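Here is what each chain is made of, one letter per residue.
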Amino acid sequence: MFKTILAPTDGSPLSEKSTLAAIALAKQNGGKVITLSVAEPYIYPSLGEGAPTIDSSIYTAKLRELAQLHVQQVADAAKAAAVPCETIVADSFSPSDEIVKAAQAHGCDVIVMASHGRKGLSKLFLGSETQKVLAQSTIPVLVFR
């Protein structure tokens, strides 16, 4: 049923839980996992003339390094379970867009991802990447809480 599973990760404990479930689902169905971590570029306000500037390339490099670590952890878990796994690290201001694009580009059958579990008013006011993926995706999305 689900042969190609996209497992986005941000390295959080809940994300780890969802990626392990994605690996188990792939193993059960004889499929593979595509794991993605998005490094969001640094946005800093213009400080005006004479103000010191921040080297955003250092920040961006560290975020990419961290994202690479996250996908490598998923790849290692998939290898231990004898499940094929591809890794993707993307730079984007919109992780949800990258998730949907990766699912389309790799012919994924399902997206398995974590929810941050926001409740009450914060759920309404804070834009959840998971909610955006649910709104944009044309394939099933399995959300872990």
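Residues numbered from 1 in each chain as written. Predicted model: local features only at pLDDT ≥ 70, side-chain atom pairs only at ≥ 80, totals over all residues. Heavy atoms only, no water.

(A) Region of the structure containing the environment of Ser-15. Its place among the elements puts Ser-15 in helix α1 (residues 13-29). Taking the C-alpha atoms as reference points, Ser-15 and His-70, separated by 55 residues in sequence, lie 9.8 Å from one another. Each residue touching Ser-15, except ones within four places of it in the same chain, is listed here: Pro-8, Thr-9, Asp-10 and Ala-114. (Helix = DSSP H or I, 4+ residues; strand = E, 2+ residues; numbered from the N terminus. Contact = heavy atoms within 4.5 Å.)

(B) Main features of the pattern of salt bridges. For the coordinates displayed, the defined rule picks out four salt bridges. The closest approach of N and O atoms between Glu-129 and Lys-132, which form a salt bridge, is 3.5 Å. Placement of both Glu-129 and Lys-132 in helix α5 (residues 129-136) is noted, with a separation of three residues, approximately one turn of the helix. (Salt bridge = Lys/Arg side-chain N within 4 Å of Asp/Glu carboxyl O.)

(C) Local environment of the confidence of the model for the protein. Of all residues in the protein, 85% have pLDDT values of 70 or greater, and the mean over the chain is 88. Predicted confidence in the protein is weakest over helix α4 (residues 120-125), with a mean pLDDT of 50, and strongest over strand β1 (residues 4-8), with 98. (pLDDT = per-residue confidence, 0-100.)

(D) Seen up close, the packing of helix α3 (residues 95-105) against α5. Orientation of α3 relative to α5, taken along the N-to-C sense of each, is 40 degrees, at an axis distance of 8 Å. Taken together, the axis directions place α3 and α5 in an arrangement best described as oblique. Where α3 crosses over α5, the two elements pack in a sense that is right-handed. On the side of α3, the interface is formed by Pro-95, Ser-96, Asp-97, Ile-99 and Val-100, while α5 contributes Glu-129, Lys-132, Val-133 and Gln-136. A class-by-class count of the residues in the contact of α3 with α5 yields four nonpolar, two polar and three charged. (Axes fitted to C-alpha atoms, helices over the stretch in contact; angles between N-to-C directions. Parallel < 35°, antiparallel > 145°, perpendicular 65-115°, else oblique. Left-handed = near helix turned anticlockwise from the far one by under 90°. Nonpolar A, V, L, I, M, F, W, Y, C, P; charged D, E, K, R; others polar.)

(E) Representation of the side chain of Ser-18 in the model. Inspection of the secondary structure assignment puts Ser-18 in helix α1. Once you skip the residues sitting within four places of it in the chain, Ser-18 turns out to touch Val-112, Met-113, Ala-114 and Phe-144.

(F) Quick look at the nonpolar core. Leu-6, Leu-36, Ile-99, Ile-111, Met-113 and Val-133 are the most contacted members of the largest nonpolar core, which totals 15 residues. Secondary-structure elements contributing two or more residues to this core are β2 (32-39), β3 (85-91), α3 and β4 (110-114). By residue number, the principal contributor to this core is α3, which donates four residues. Apart from the residues within four sequence positions on either side, Met-113 is in contact with Pro-8, Ser-18, Ile-99, Thr-130, Val-133, Val-141, Leu-142, Val-143 and Phe-144. (Core = buried A, V, L, I, M, F, W, Y, C linked by side-chain atoms within 4.5 Å. Buried < 20%, exposed > 50% of the residue type's maximum accessible area, 1.4 Å probe, protein only.)

(G) Highlighting helix α2 (residues 56-80). Across its 25 residues, α2 extends 36 Å between first and last C-alpha, which sits within 8% of the 36 Å expected from 1.5 Å per residue. Inspection of α2 places Ala-67, His-70, Val-71, Val-74, Ala-75 and Ala-78 among the buried residues, and these make up the whole buried set. Of the surrounding secondary structure, the elements contacted by the buried residues of α2 are α1, β2 and β3. Trailing α2 by a residue or two, Ala-82 shows a phi angle of about 60 degrees, which is positive. (Expected span 1.5 Å × (residues − 1).)

(H) The arrangement of the packing of α1 against α2 in detail. Where α1 contacts α2, the axes come no closer than 10 Å and their chain directions differ by 35 degrees. Considering how the two elements wind past one another, α1 and α2 form a crossing that is right-handed. Along its contact with α1, which presents Thr-19, Leu-20 and Ile-23, the element α2 presents Val-74, Ala-77 and Ala-78. Looking at the contact of α1 with α2 residue by residue, the classes come out as five nonpolar, one polar and no charged.

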